[in-house]
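# Structural overview
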Amino acid sequence: MRRPFLYICQRTEMRFQKLPMKLNEQELLAFFKRHDVNKDNRLSWDELKQAFIDLGVSWVSWTTDRAMLQADDNEDGYISEGEMEKLIQFALKCKLTIK
Ligand SMILES: [Ca+2]
Ligand SMILES: [Ca+2]
């Protein structure tokens with residue numbers, strides 16, 4: 001079951017208020033692309049998790065699960081380039097990048 005987007009953000013917001021970074025959309029896109037370590041142009045669960053670790057997210061596995069649910073449209077377990085926009089919106093809406 002997918003939960004409504006806003007519900008997830010409300011739940012996560014509190015936990016991410018102290019993050020040290022503030023990135024805009026383009027910086028986030030570049031940031032996530034840098035975490036495609038095997039260069040297959042998509043982010044696996046582990047690659048995404050590492051990205052959140054580097055962002056300073058404290059509930060990393062939880063956040064990675066939620067991000068996957070939101071962004072992985074075709075449910076293949078990877079965030080492809082076409083799905084990254086949703087991933088970025090998730091990060092921005094949940095204030096993952098704001099101090
Ligand atoms: Ca990859
Ligand atoms: Ca996918």
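This structure is a prediction, so every number in the text was calculated from the model and none was measured.

To continue, consider the overall build of the protein chain. Within the protein chain, the regular secondary structure consists of five helices and two strands. In the protein chain, the order of α-helices and β-strands from amino to carboxyl end is α-α-β-α-α-β-α. Going through the 99 residues of the protein chain one by one, you find that 26% of them count as buried. Put simply, of all contacts in the protein chain between residues at least 6 apart along the chain, 58% involve residues at least 24 apart.

Let's shift gears to the packing of helix 4 (residues 60-71) against helix 5 (residues 84-93). Helix-helix packing: each pair is described by the crossing angle between the helix axes and the interaxial distance. Two numbers describe how helix 4 lies on helix 5: the axes approach to 8 Å, and their chain directions differ by 130°. Overall, the two elements helix 4 and helix 5 adopt an arrangement that is oblique. Helix 4 and helix 5 meet at a crossing whose hand is right-handed. When helix 4 is examined against helix 5, the residues A67, Q70 and A71 are found in contact with a partner set consisting of K86, L87 and F90. Here the contact of helix 4 with helix 5 is built from residues that sort into four nonpolar, one polar and one charged.

Sequence positions flagged by UniProt for "domain: EF-hand" (unreviewed entry) are, in local numbering, residues 23-58. In residues 23-58, the share of helix is 58% and the share of strand is 6%. The end C-alpha atoms are 17 Å apart.

In the contact formed by helix 3 (residues 45-55) and helix 4, the axes pass within 9 Å of each other and the chain directions differ by 125°. Considered as vectors, helix 3 and helix 4 are oriented oblique to each other. For the element pair helix 3 and helix 4, the recorded crossing hand is right-handed. Residues W45, L48, K49, F52 and I53 of helix 3 form the contact with helix 4, whose participating residues are V60, S61, T63, T64, A67 and M68. A breakdown of the residues in the contact of helix 3 with helix 4 according to their chemical character gives seven nonpolar, three polar and one charged.

Rules used throughout
Residues numbered from 1 in each chain as written. Chains lettered and ligands numbered in written order. Predicted model: local features only at pLDDT ≥ 70, side-chain atom pairs only at ≥ 80, totals over all residues. Helix = DSSP H or I, 4+ residues; strand = E, 2+ residues; numbered from the N terminus. Buried ≥ 20, exposed ≤ 12 C-beta atoms within 10 Å, placed from the backbone. Contact = placed C-beta atoms within 7 Å. Axes fitted to C-alpha atoms, helices over the stretch in contact; angles between N-to-C directions. Parallel < 35°, antiparallel > 145°, perpendicular 65-115°, else oblique. Left-handed = near helix turned anticlockwise from the far one by under 90°. Nonpolar A, V, L, I, M, F, W, Y, C, P; charged D, E, K, R; others polar. UniProt positions renumbered as here; feature names shortened; annotations may be inferred.

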